[in-house]
Amino acid sequence: MTADLSSLEELVARAFGALGDPPAPEETAALHRRIVAEILLRLPQAEQAAASERERSDAWYTHQRVIDATHDALAMVGQEPAPGDGPTGAALRVAELARRLRDLSAYPPAGHTCPPRPR
């Protein structure tokens with residue numbers, strides 16, 4: 001189930017909070033998976049929004065920046081927590097995913113019809 005906007009803000013805040021006070025590894029892993037799930041629900045909407053814009057227009061670039069940064073983060077950080085990560089490494093990975101989720105929060109999750117608000 002997807003989180004509403006206030007829950008997303010809380011999720012992002014928890015991820016950034018992990019940088020200062022890393023939670024137990026299993027909590028960080030659960031946070032990682034939850035953020036990735038939310039990203040994967042919103043990424044198709046961002047891609048659809050970009051596809052609906054004239055290529056190379058300002059709006060297209062706005063959507064594309066979010067899409068590219070998200071794909072880069074998923075490739076770098078992974079969709080699953082890295083098993084050998086220590087608390088600091090895991091917190092850094094979760095924070096990067098949270099940055100991408102924060103950008104994607106402007107897009108409704110798949111199945112919702114609200115228009116995206118590009119940033």
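What you see is a predicted model; the values in this text were computed from it and never measured. (Residues numbered from 1 in each chain as written. Predicted model: local features only at pLDDT ≥ 70, side-chain atom pairs only at ≥ 80, totals over all residues. Heavy atoms only, no water.)

Colleague: Outline the environment of Ala18, listing residues and values.
Modeller: Note on placement: Ala18 falls in helix α1 (residues 5-20). Of the residues examined, Ala18 reaches a relative accessible area of 2% and is grouped as buried. Taking the C-alpha atoms as reference, Ala18 lies 8.1 Å from Val94; in sequence the two are 76 residues apart. Here Ala18 is in contact with Pro23 and Ala91, once residues within four sequence places are set aside. (Helix = DSSP H or I, 4+ residues; strand = E, 2+ residues; numbered from the N terminus. Buried < 20%, exposed > 50% of the residue type's maximum accessible area, 1.4 Å probe, protein only. Contact = heavy atoms within 4.5 Å.)

Colleague: An account of the packing of aromatic side chains is requested, with residue identities and associated values reported.
Modeller: Counted according to the given criterion, the structure contains 1 aromatic pair. Their ring planes at 75 degrees and their centres at 4.9 Å tell us that Trp60 and Tyr61 sit as a pair that is edge-to-face. On the basis of relative accessibility, which here comes to 13%, the residue Trp60 falls in the buried class. (Phe/Tyr/Trp six-rings, centres within 6.5 Å; stacked < 30°, edge-to-face > 60°.)

Colleague: Residue-level account of the packing of helix α3 (residues 58-77) against helix α4 (residues 87-104), with values.
Modeller: Between α3 and α4, the shortest axis-to-axis distance is 10 Å and the interhelical angle comes to 160 degrees. The orientation of α3 with respect to α4, classified from their angle, is roughly antiparallel. The chirality of how α3 crosses α4 is left-handed. In contact with Arg65, Val66, Ala69, Thr70, Ala73, Leu74, Met76 and Val77 of α3, α4 contributes Arg93, Glu96, Leu97, Arg100, Asp103 and Leu104. (Axes fitted to C-alpha atoms, helices over the stretch in contact; angles between N-to-C directions. Parallel < 35°, antiparallel > 145°, perpendicular 65-115°, else oblique. Left-handed = near helix turned anticlockwise from the far one by under 90°.)

Colleague: Which residues make up helix α2 (residues 25-51), and what are the values?
Modeller: Relative to the 39 Å expected for 27 residues at 1.5 Å per residue, α2 spans 39 Å between its end C-alpha atoms, a close match to the ideal helical length. In the structure, α2 departs most strongly from a straight axis at Arg42, where the bend amounts to approximately 30 degrees and where the proline Pro44 lies between one and four residues downstream. (Expected span 1.5 Å × (residues − 1). Bend = angle between axes of the 7 residues up to and from the residue.)

Colleague: Go over α3 with me, naming the residues and quoting the values.
Modeller: Spanning 20 residues, α3 covers 28 Å between terminal C-alpha atoms, matching the ideal 28 Å at 1.5 Å per step. Looking at α3, one finds that the buried residues are Trp60, His63, Gln64, Val66, Ile67, Thr70, Ala73, Leu74 and Val77. In this structure, the buried residues of α3 make contact with α2 and α4. Two residues or fewer after α3 comes Gly78, characterised by a positive phi angle close to 95 degrees.

Colleague: Explain unusual backbone geometry residue by residue, including any values.
Modeller: Its identity as a non-glycine residue notwithstanding, Arg56 has a phi of 75 degrees, on the positive side. Here Arg56 is to be found in the loop between α2 and α3.

Colleague: Break down the confidence of the model for the protein for me, with residues and values.
Modeller: Per-chain confidence: the protein averages 90 in pLDDT, with 89% of residues scoring 70 or above. Looking over the protein, one finds the lowest element-wise mean pLDDT in α1, namely 90, and the highest in α3, namely 97. (pLDDT = per-residue confidence, 0-100.)

Colleague: Quick one: what's the story with the side chain of Glu96, residue by residue and with numbers?
Modeller: Considering the arrangement of structural elements, one finds Glu96 in helix α4. We classify Glu96 as buried; its relative accessible area is 17%. Other than its neighbours up to four places away in sequence, Glu96 contacts Ala73, Met76 and Val77.

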